[in-house]
Amino acid sequence: MPSSAIRPYRGVDLVLGILFLFLGGVAIFWTGRFLQPSRTPPATPGSYHFIVKLDDVAPNMAYAFEMEGRPWLLVRSGPTLAAVSAICTYKGSPIRWDRRNRLLSCEGHGCTFSLHGEPISGLATSSLEVLKIKVINGRVYGARDLS
Ligand code: FES
């Protein structure tokens, strides 16, 4: 038989072809599933998000959380429950809850803010953003006030 002759068809070629087609299909299927965006629609800005169970925030303590890609503090002080942005309006340093003075305090340059986000002392002149809060069955929900 000349060396340039076409190799005769063999059954093993058919089996290998089917196997490669099958594996390719499986690979394409799983790649598609992996790359497919989540079927859960993203939370709408301004809608209420669950934050934490109220019992999990001790009196005179703050609970740090993220919502819509931003850090927030939920503060429980006496009868007041407030959620404020944890980013200072002066130069963007983190805000923390000062338990002893019952104030929100900036770690950067020492600005202080009330629980309602209003600046009390320091160089900040703008208020911290405050969330609308709802407590339903012991669960705290917050929403940005986009009005
Ligand atoms: S960034 Fe808040 S006081 Fe400096």
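Rules and cut-offs
- Residues numbered from 1 in each chain as written.
- Predicted model: local features only at pLDDT ≥ 70, side-chain atom pairs only at ≥ 80, totals over all residues.
- Core = buried A, V, L, I, M, F, W, Y, C linked by C-beta atoms within 7 Å.
- Buried ≥ 20, exposed ≤ 12 C-beta atoms within 10 Å, placed from the backbone.
- Helix = DSSP H or I, 4+ residues; strand = E, 2+ residues; numbered from the N terminus.
- Contact = placed C-beta atoms within 7 Å.
- Pairing = 2+ DSSP bridges.
- Axes fitted to C-alpha atoms, helices over the stretch in contact; angles between N-to-C directions.
- pLDDT = per-residue confidence, 0-100.

## What to know about the nonpolar core
Ranked by size, the top nonpolar core spans 24 residues in total, and within it Trp-72, Leu-73, Leu-74, Ala-83 and Val-84 carry the most contacts. Secondary structure elements with two or more residues in this core: strand S2 (61-67), strand S3 (70-77), strand S4 (80-85), strand S5 (95-98) and strand S6 (103-106). Looking at which element gives the most residues to this core, the answer is S3, with four residues. Contact partners of Ala-83, with chain neighbours within four places excluded, come to Ile-51, Trp-72, Leu-73, Leu-74, Val-130, Leu-131, Ile-133 and Gly-142.

## Some details on the sheet that holds S4
Strands belonging to one sheet form pairs held by backbone hydrogen bonds; the direction of such a pair is parallel or antiparallel. The sheet built from three strands is open, its strands ordered S2-S3-S4 with antiparallel pairing. Each end of this open sheet is capped by a strand with a single partner; those strands are S2 and S4. Looking at each pair of strands side by side, their axes are set apart by 20 degrees on average, direction ignored. Bridge analysis of S3 against S4 gives six bridges, and the strand direction is antiparallel. Paired with Trp-72 across the bridge in S4 is Ser-85.

## Some details on the confidence of the model for the protein
Parts of the prediction with low pLDDT should not have their coordinates interpreted in detail. Confidence along the protein averages 86 in pLDDT terms, with 82% of residues attaining 70 or more. Under a pLDDT of 50 for its full length, residues 37-42 has, in the predicted model, zero contacts with residues more than four places off or in other chains.

## Considering the pairing of S5
The side-chain alternation of S5 yields one buried face, formed by Ile-95 and Trp-97, and one unburied face, formed by Arg-96 and Asp-98. With four bridges connecting them, S5 and S6 associate as antiparallel partners. Along S6, the bridge assignment pairs Ile-95 with Cys-106. Count of turn residues in the S5/S6 antiparallel hairpin: four residues, of which Arg-102 carries a positive phi of about 50 degrees.

## A look at the sheet that holds S6
With antiparallel pairing, four strands are arranged side by side in an open sheet as S5-S6-S7-S8. Two strands in the sheet have a free side with no partner beyond their single neighbour: S5 and strand S8 (119-121). Pairing of S6 with strand S7 (residues 112-113) involves two bridges; the strand directions are antiparallel. Of the residues in S7, the one forming a bridge with Ser-105 is Thr-112.

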